[in-house]
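Residues per chain are reported as follows:
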Amino acid sequence: MEILDGKLVSNAVKERLKQQTADRIKSGKKIPHLAAILIGNNGASETYVASKVKSCSEIGYKSTLIRLPEDISETSLLNKLNELNDDFDIDGILVQLPLPKHISEQKVIETIYPTKDVDGFHPESVGRMVQGLPTFYPATPYGILLLLEHYKIETKGKHVVVIGRSNIVGRPISIMLSKNEYPGNSTVTVCHSHTRNLNEICLQADIIIAALGKPEFLTSDMVKPGAVVVDVGITRVEDSSKKSGFSIKGDVDFQNVASKCSYITPVPGGVGPMTIAALMMNTFKACAAKDPS
Ligand code: GUN
């Protein structure tokens, strides 16, 4: 069994971007600039956004963190997004999800210009992804592809079972892995809360992507020997033995599943860091797209 080390691969991706950014600066080109909006005081969101901003500074990008109160009106948020849309210096915009209940996630997603949609959530970005056109891939599935690519994991003709059908991970990764190029050409089954015989389906998988948000859901009796297991889960579970009062659990019962796998991602240190690396790739691309030809 080999660990798919997201921390290591993410650092390699970020190191490459740091070099490319230094090259841009040397040749007088624009410095990539990410704007991140954080609403309210959700602990997990605070951590994710802090990591994104830190990665920007490590690579040499500019970043603008905009903190807004939990009770901000939808109109004020949309106005802020339009301001960022019209600001030439901003290349990428992300609004950390989830949002407070009184704000429409769909309206927020659709307000961000597709050219600045580094999260890849806008319907235009998703539509282009489905049709195999150049676009921004959503960061988590893109990060998973980069990880599979780094470890040269064969995907052609493989049966991939995705557990979860969210717009952020399950649905897009299912489309990306069925595309007609590496990493892809897989036969993909998307499973969800209404799937029957989930255990049997998982046992047929060469690659399992667990993205349902239920701690330690995937147990060893669901995994074929030699399978590749990608764990997208990051749930905070109360843990009085930790200073923070919680520990992070993945969707996979790592302790018992790992010995059955050929490759497996750890939690933390697997998909999480790759999500940030992928966002940094998208931000670079959004900036480079503005270069005069
Ligand atoms: N919340 C959970 N995952 C994500 C993500 O990839 N992007 C944003 N903006 N919010 C998230």
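The rules behind these values
- Residues numbered from 1 in each chain as written.
- Predicted model: local features only at pLDDT ≥ 70, side-chain atom pairs only at ≥ 80, totals over all residues.
- Heavy atoms only, no water.
- Salt bridge = Lys/Arg side-chain N within 4 Å of Asp/Glu carboxyl O.
- Helix = DSSP H or I, 4+ residues; strand = E, 2+ residues; numbered from the N terminus.
- Buried < 20%, exposed > 50% of the residue type's maximum accessible area, 1.4 Å probe, protein only.
- Contact = heavy atoms within 4.5 Å.
- Patch = residues over 30% accessible without salt bridge, like charges linked within 9 Å, V, L, I, M, F, W, Y side chains within 5 Å.
- Areas by Shrake-Rupley, 256 points an atom, 1.4 Å probe, with all protein chains shown as cover.
- Near = heavy atom within 4 Å.
- Polar contact = N/O pair within 3.5 Å; in protein donor to acceptor, adjacent residues only side chain to side chain.
- Nonpolar A, V, L, I, M, F, W, Y, C, P; charged D, E, K, R; others polar.

(A) Structural view of the pattern of salt bridges. Under the counting rule described, the total for this entry stands at 14 salt bridges. Ionic pairing is found between Asp89 and Lys30, a salt bridge with its closest N-O pair at 3.7 Å. Taken together, the positions of Asp89 in the loop between helix H3 (74–85) and strand S4 (92–95) and Lys30 in the loop between helix H1 (6–26) and strand S2 (33–39) put the pair 59 residues apart, joining distant regions of the chain. On the basis of relative accessibility, which here comes to 16%, the residue Lys30 falls in the buried class. For Lys242, the salt bridge goes to Asp239, with nearest N and O atoms at 3.9 Å. Residue classification places Lys242 among the partly exposed residues on the basis of a relative accessible area of 42%. The exposure class assigned to Asp239 is buried, which follows from its relative accessible area of 18%. What you see here is one network of salt bridges that share partners, running through Lys30, Lys62, Asp89, Asp91 and Lys290.

(B) Spatial organisation of the environment of Gly40. In this fold, Gly40 is placed in the loop between S2 and helix H2 (43–59). Through-space distance from the C-alpha of Gly40 to that of Pro100 is 7.9 Å; in sequence the pair is 60 residues apart. Ignoring any residue separated from it by four or fewer positions in sequence, one finds Gly40 in contact with Glu46, Arg67, Leu68, Pro69 and Glu70.

(C) Structural view of a nonpolar patch on the surface. Among the surface-exposed residues, Met1, Ile3 and Phe254 lie close enough to one another that they form a single nonpolar patch of about 260 Å² accessible area. The class of Met1 is exposed, set by a relative accessible area of 54%.

(D) Up close: the site of the ligand. As a structural note, the neighbourhood of the ligand is formed by Lys52, Leu94, Val95, Gln96, Leu97, Asp119 and Phe121. Within the backbone of Val95, an N or O atom sits 2.8 Å from a nitrogen atom of the ligand. In the model, a nitrogen atom of the ligand is placed 2.7 Å from a nitrogen or oxygen of the Asp119 side chain. A total of 280 Å² of accessible area belongs to the ligand in isolation, and the protein chains cover 84% of it. Looking at the shell around the ligand residue by residue, the class counts come to 4 nonpolar, 1 polar and 2 charged.

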